[in-house]
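Given next are the chains, with one letter for each unit.
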Amino acid sequence: MFKYETHMHTSECSLCASSTPEEMVRKYKAENYDGVFVTDHFFNGNCFVPQDLPWTERVERYCLAYEKAKAEGNKIGLDVFFGIEYGNGAADFLTYGVDKQWLLENEKIMRMDIPDYIEYVKSCSGMVIHAHPFREAWYIDRLRLFPFQIDGIEAVNASHGDKRFNERAMLYAQMYDLPVTAGSDAHSTTDKWYGGGIVTEEKITCPQDYIRIVKERKIAALLDREDR
Ligand SMILES: [Zn+2]
Ligand SMILES: [Zn+2]
């Protein structure tokens, strides 16, 4: 069995995170994960990258977090994959199967409505998962759901202290027969580190492996904060 993180942040890119890509990768290795997806807040979220840079520089700067994590992962033996947490008015969308080249060519994603964004990513062989759709927090003033477009639901977000947020997400996924995932949403190796993620029977060697496992509903276990 293999253990993966699908949702985490680094201080290289996320304003709300406090551990470097290298520190995060070493923490996941120490916690016996086989791999992680780095999913920092994109430019439309709580992102560290200055908004006034040219698009190419912004993308280069954003991808540094993943590149640093990947280099450290290669050194210590942890698989590191690229993802983004695309934000839109306090709704967040974990996006997999896209890469730096795709971002460089697609500045237009900043101007898309959420349904159009999801359909566009899908048309580019990517996958969009609605992160913590029922979280309640000071920065969220409404819930917006996209059951007709979304590829899947983050039914377990291990950072939630209130169990109802995940219970509602699972019910939502069941109501619309959508695939489910789990992630920690970790922002540091210490105070905000809760564990979480998924267990698979199959080794994930690239984002497309993960996309297939989600769509075929082959995730063996969703891990919550007490499952460390
Ligand atoms: Zn954050
Ligand atoms: Zn997040």
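No experiment lies behind these values; they were computed from the predicted model shown. (Residues numbered from 1 in each chain as written. Chains lettered and ligands numbered in written order. Predicted model: local features only at pLDDT ≥ 70, side-chain atom pairs only at ≥ 80, totals over all residues.)

(A) Up close: helix H2 (residues 55-76). The end-to-end C-alpha separation of H2 is 32 Å, in line with the 32 Å expected for 22 residues at 1.5 Å each. A bend of about 35° at Leu64 is the largest found in H2. Three or more residues of H2 are buried, namely Arg58, Val59, Tyr62, Cys63, Ala65, Tyr66, Lys68, Ala69, Lys70 and Gly73. Elements in contact with the buried residues of H2: helix H1 (21-30), strand E2 (35-38), strand E3 (79-88) and helix H3 (100-105). Remark: Gly77 follows H2 within two positions and exhibits a positive phi of approximately 85°. (Helix = DSSP H or I, 4+ residues; strand = E, 2+ residues; numbered from the N terminus. Expected span 1.5 Å × (residues − 1). Bend = angle between axes of the 7 residues up to and from the residue. Buried ≥ 20, exposed ≤ 12 C-beta atoms within 10 Å, placed from the backbone. Contact = placed C-beta atoms within 7 Å.)

(B) Up close: the environment of Ile150. For Ile150, the position within the fold is in the loop between strand E5 (127-131) and strand E6 (152-157). Ile150 gets classed as buried once you count the C-beta atoms within 10 Å, which come to 23. Remark: the alpha-carbon pair of Ile150 and Met127, spanning 23 residues in sequence, is separated by 8.3 Å. Excluding anything up to four places from it in sequence, Ile150 contacts Ile118, Val128, His130 and Leu178.

(C) Geometry of the sheet that holds strand E7 (residues 180-183). With mixed pairing, the nine strands of this open sheet are ordered in space as E7-E6-E5-E4-E3-E2-E1-E8-E9. Looking along the sheet, the strands with just one partner apiece sit at the ends: E7 and strand E9 (219-223). Recorded for the sheet is a direction-independent mean angle of 30° between the axes of neighbouring strands. The pairing of E3 with strand E4 (residues 91-96) spans six bridges and is classified as antiparallel. The residue bridging Ile84 from the neighbouring strand is Thr95, located in E4. On top of the sheet, H2 reaches E2 and E3; it is set at about 160° to E3, its chief contact. Docked against the sheet, helix H5 (residues 163-175) engages E6 and E7, running at close to 155° with respect to E6. (Pairing = 2+ DSSP bridges. Axes fitted to C-alpha atoms, helices over the stretch in contact; angles between N-to-C directions.)

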